Every structure is written in C-alpha cells, then in structure tokens.
Amino acid sequence: MTESKRPQGLQTQLVHAGEHDYNGAVTTPIFQSATYREEPGTTRYADVRYVRLNNTPNHDVLCQKLATICEGSSAMVMSSGMAAISNTFMALLRHGDHILAQDCLYGGTRGFLTREAERMGIEVSFIDGRWPESWSQHLRPNTRMIYVEAMTNPLVQVADLAQVVTFSYNHGLLSVIDNTFASPVNFKPLKLGFDVEIHSATKYLGGHSDVVAGAVIGQRRFIDDITRTLNHTGGCLDPHACFLLQRGMKTLGLRVKAQNAGAMAIAKTLLNHSAVAQVHYAGLPSHPDHAIASDLFKGFGGVLSFELHGGKPHAMALIEALTLPTLAPSLGGVETLITLPATSSHAGVPADERLKMGITDGLVRVAVGIEDPEDLCHDFRQALDSLLPKEEEQA
Ligand SMILES: *Cc1c(COP(=O)(O)O)cnc(C)c1O
C-alpha cells in the first residue's frame, strides 16, 4: 500500500481534509466576497461563482472536509439544519410521491412534512422505526423514500437502521437519515448503505453554539440535485458561517468523545440516585435499544433524559439547583444545556399525544458539553441531594 492510500484517522481528516494553501495561510481565510471575477468567455451558469450558488472557496473546503469524514462522494452546506432537510425533500421528491417517515421526528421536520410537503402534493405515512415488520403495510405504488433519525429526541430511541437500508433496497426506495444526534464520530450511515445523510451542523459539527448551519452528504448525483434546488431556494451558508463551521469541525472527534464519556458518567450518577425514577440513555444496558445501539454506534452521544420521583416540581427545583448547565434548547455545544422537552421542543404537541410518546411534563433532557465529567457529576449529585428530605440525604 502506498503512503497516500493509507486510510487516515478521523481526527487527521477533520484537521486536514479539503484544506488548500492560500498564500501560505495555515488555516483557510474567510473569503468575504459575494461574487467572483469571470474568466473571459464564460458561458455556462455553472461557471459563475457567487455565494448563493454555493461554490466559493469557503464552501469548497468545507464540503470536501464533510464528504471525506462521512465517506460520501459529495457534500453541501446550508443556512440551517432545516434548510438541509427541506431542500433534500424538495429536491428528491415530486408532486404525487409518498414517503415513509419515522414517528417522533424532530419537530421542524415533522412540521415540514405535515404542513408544507403535503401542500406540495407529497404524502407521508409515519412508521415505528423499531418495528420493521410493520413498515411494508404502509407501502404504496408511489412510495419513494424512507426517512429516519439516528436517535430520537428526547428519549434517544434507536430505530433498526440496518433494516431501514435493507428495506429501502428491497423496495427501491431512497433512504435518508438525519444523523445529527449520533454525529459522524459515533455513526457513519453512508457506510451502512444510506443514500443521503443530513446534519443540523448547528449541533455537534459546529460544536460551539455560535453558528446555525446544515449539511447534506451522499453520492454526487443526489448532492447535485439538492444543490440545484438550494441554488433556487436561496438558503446558502455565508462565508463567515462556513469559516466558523470549518473551525468547529476540526475538534469534532475530541469533543464528541468527551461528550460520550460525560453523558455516560452522568447517566450512571443519575441511575444511582434515589431521587431519580428513570434514565434514558442508550449506553445503559437498561435502555430498550442498548443492543442495537451497541451494534451500530461507536459511542452513545451526549444527550440523555430522565425522570424524577417528584415529577415536574422536582425537575424545576433541580434545574434551579444546578450550577453548571444552562437552561436552553439545542445540543452538541461545548457547554452543558438542560431543558424540559414538554415546555420546549415538544410544547407544540398536544398533551395526550406527548404522554403517548413517553414525554411526561417532568422529563428532563440534558445535552452534555465537554466540562470535566467529575464536575458535572458533582453538580448533579448536589442538586439531586437538595431534593431529598434532610434525613435521607445521600453521602
Ligand atoms: C436542531 C435539529 C434540526 C434542525 O436544525 P437547525 O440547524 O436548527 O435548523 C434537525 N434535526 C435534528 C435532529 C436537530 O436536533
């Protein structure tokens, strides 16, 4: 094997893939230019370089890095995760198509499918990702796509993703996955056989809660179609945001490993505390999807959720007593965030439906950052202890 063929590790790819030498600059500069000089004789629209056409130097470097780390042939970035999701649906589906989509999808995705896509003549059936035998009953002659997420929010359930790929082959469907919650560090869906992988790059890829962005990775023909749609819908990522995302990605491997470890440590701390009724983390053997997640993933991610015996009043008291986590939505950043899904991400879902999904009013979600696990666990222990009657307080 020649030196150039030797496969590089993920961290090496994250630092070096796609990088160019621009006047000797060690890191790719921001090309803050909306438009670019044409070569005399340019006649093709595709040769025009312009930020909305997603073909500036900052786009090229970032997309090459994404394609390399996800092991896809091509990639494109967008102005948000929802821009990536909506442009993928608009590019790969047409009026009269039908899709199978996992239930408990990210709220914005579900909203797009039920409110926007339906208006465009695209029909949706929701399926239980963990029950593959039930999928074929929803197939129609016009079914074109199956759409799933790597892990659901906030109960971190894991669909039978290998079966999703097999099912899509057997029935000639496109398979699309939102891999935001796993990140390319823990899971590479394209290697498993998915056609298209989507990210809200706002989360782990960016990793610093300072940029909103989306990404799509896959075979060139799919990414070309999605890019053409994006060029028309206009949701481009500006050069400065490209730069922030590219800079954030260089530490993705280090951050996600720390987040995997931090979440596991907190999950165990919670499990061992008498104020806690239930912990949802796929890394725990008690999670119903632990076996499937262990087969598919290198790590179980930075998001977990739990319930307290004292329900919502205790959940609110706990959040008040914690000193490190910030009460805020989103995930994947370096700082630990905490939310009550019933009053944030799932506030728009009717209460009875929410309960059926397993999301009680007192459910707490934690998106673990990269703080030292000892400090996070200590903070959770002192906050949980404060909920107990004085004589029961744990050592
Ligand atoms: C946040 C998120 C999105 C939407 O991403 P934005 O960058 O906020 O548009 C989509 N899917 C999942 C799983 C998410 O967590």
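Source: prediction; values computed, not measured.

The subject of this paragraph is the overall build of the protein chain. If you tally the helices and strands in the protein chain, you get 14 helices and 12 strands. For 395 residues, the compact-globule estimate of 2.2 N^0.38 gives 21 Å, and the C-alpha radius of gyration of the protein chain, at 22 Å, lies within 12% of that figure. Taking the principal axes of the C-alpha coordinates as reference, the protein chain spans close to 85 × 55 × 45 Å. Split into buried and exposed, the 395 residues of the protein chain put 54% on the buried side. Nonlocal contacts in the protein chain, meaning residues at least 24 apart in sequence, comprise 72% of its contacts between residues at least 6 apart. Taking the average place of the 32 positive charges on the side chains of the protein chain and the average place of its 41 negative ones, the gap between the two points comes to 7 Å.

Bringing the site of the ligand into the picture now. Within the structure, the ligand sits among 13 residues, and Gly81, Met82, Asp178, Thr202 and Lys203 are positioned closest to it. Between the ligand and Ser200 there is a distance of 2.9 Å, counted from an oxygen atom to a side-chain nitrogen or oxygen. Here an oxygen atom of the ligand and a side-chain polar atom of Thr202 are 2.6 Å apart. Considered on its own, the ligand offers 380 Å² of accessible surface; in the complex 89% of this is hidden by protein. Of the residues forming the shell around the ligand, the biggest block, three residues, is contributed by helix H3 (residues 81-92). For the shell around the ligand, a count of residues per class yields six nonpolar, five polar and two charged.

So, on to the sheet that holds strand S10 (residues 326-327). If you trace the five strands from one edge of the open sheet to the other, you get S8-S9-S12-S11-S10, paired in mixed fashion. In the strand order of this sheet, the two ends are held by strand S8 (276-280) and S10, each with one partner. Here four bridges tie S8 to strand S9 (residues 303-308), and the two strands are oriented antiparallel to one another. Its bridge partner lying in S9, Val276 is registered against Leu308.

A few words now on the environment of Arg220. As for its placement among the helices and strands, Arg220 is situated in helix H8 (residues 220-233). On the basis of relative accessible area, Arg220 is assigned to the partly exposed category, the value being 47%. Contact partners of Arg220, with chain neighbours within four places excluded, come to Ser73 and Ser74.

Moving on, we come to the packing of aromatic side chains. Summed over the entire model, instances satisfying the criterion amount to seven aromatic pairs. Ring plane angle 85° and centroid distance 5.5 Å describe the contact between Trp135 and Phe167, whose orientation is recorded as edge-to-face. Of this pair, Trp135 sits in the loop between strand S3 (123-127) and strand S4 (143-149) while Phe167 sits in helix H5 (residues 161-170), placing them 32 residues apart in sequence. Note on accessibility: Trp135 and Phe167 belong to one class, buried. Seen from their ring centres, Tyr281 and Phe300 are 6.3 Å apart, and the 70° between their planes marks the pair as edge-to-face. With Tyr281 in the loop between S8 and helix H11 (290-296) and Phe300 in the loop between H11 and S9, the pair connects residues that are 19 residues apart, well separated along the chain. Residue Phe300 is classed as buried on the basis of its relative accessible area, which comes to 14%. Each member of the aromatic cluster is reached from another via a ring pair, and the members are Phe89, Phe112 and Tyr147. For the cation-ring pair, Arg110 lies above Phe126, with the distance from its terminal atom to the ring centre recorded as 4.1 Å.

Size of an interface: often given as the accessible area lost when the parts come together. Considered domain by domain, the protein chain is made up of domain 1 (10-249) and domain 2 (252-394). Each of domain 1 and domain 2 has a C-alpha centre, and these two points are 28 Å apart. Between domain 1 and domain 2, the residue contacts involve 34 residues of the former and 38 residues of the latter. Between domain 1 and domain 2, the buried area comes to about 2900 Å², and carbon and sulfur atoms account for 63% of it. For domain 1, the biggest contributors to the area lost against domain 2 are Leu155, Asn186 and Tyr204; these three give 26% of the whole. With its nearest N and O atoms 3.1 Å apart, the salt bridge here joins Arg130 to Asp289. Counting every contact that joins domain 1 to domain 2 gives 18 residue pairs in polar contact (both at pLDDT 80 or more).

What counts, and where the lines are drawn
- Per chain, residue numbering runs from 1 following the sequence as it is written.
- Whole-chain, interface and lining totals are the exception, using all residues; otherwise, since this is a predicted model, local features are given only for residues with pLDDT of at least 70 and side-chain atom pairs are given and counted only at 80 or more.
- Side-chain calculation: all heavy atoms of the structure are included, whereas hydrogens and water are not.
- The numbering of helices and of strands both runs from the N terminus, where a helix is a DSSP run of H or I of at least 4 residues and a strand a run of E of at least 2.
- As a reference, a globule follows 2.2 Å times the number of residues to the power 0.38, and the radius of gyration itself is taken over C-alpha atoms.
- For every residue, the accessible area (1.4 Å probe, protein chains only) is compared with the maximum for its type, and the residue is labelled buried under 20%, exposed over 50%, or partly exposed between those bounds.
- Only heavy atoms matter for contacts: two residues are in contact if any of them lie within 4.5 Å across the pair.
- Residues counted as positive are Lys and Arg, residues counted as negative are Asp and Glu, and His and the chain ends are not counted.
- Here the site of a charge means NZ on Lys, CZ on Arg, CG on Asp, or CD on Glu.
- Only heavy atoms are used to decide nearness, and a residue is near a molecule or strand if one of them lies within 4 Å of it.
- Whenever two N or O atoms come within 3.5 Å, that pair is a polar contact, provided that in protein one can donate a hydrogen and the other can accept it, and provided that, for residues adjacent in sequence, both atoms are side-chain atoms.
- Each accessible area is a Shrake-Rupley result for a 1.4 Å probe, and residues are judged covered by the shown protein chains and nothing else.
- The residue classification treats Ala, Val, Leu, Ile, Met, Phe, Trp, Tyr, Cys and Pro as nonpolar and Asp, Glu, Lys and Arg as charged. All others, Gly included, are polar.
- Two strands form a pair only when DSSP identifies at least two bridges running between them.
- To pair, rings of Phe, Tyr and Trp, with the six-membered ring standing in for Trp, must have centres within 6.5 Å; the planes then decide the type, stacked if under 30 degrees apart, edge-to-face if over 60, and tilted in the middle.
- Charge-over-ring contacts are defined here by two conditions on Lys NZ or Arg CZ: a distance within 6 Å of the ring centre and an angle within 35 degrees of the ring normal.
- Just so you know, the domain bounds were taken from an automatic or database domain assignment.
- The buried area of a pairing is the accessible area, by a 1.4 Å probe, that goes missing from both parts when the two are put together, added over both.
- Should a side-chain nitrogen of Lys or Arg be within 4 Å of a carboxyl oxygen of Asp or Glu, the pair is scored as a salt bridge.

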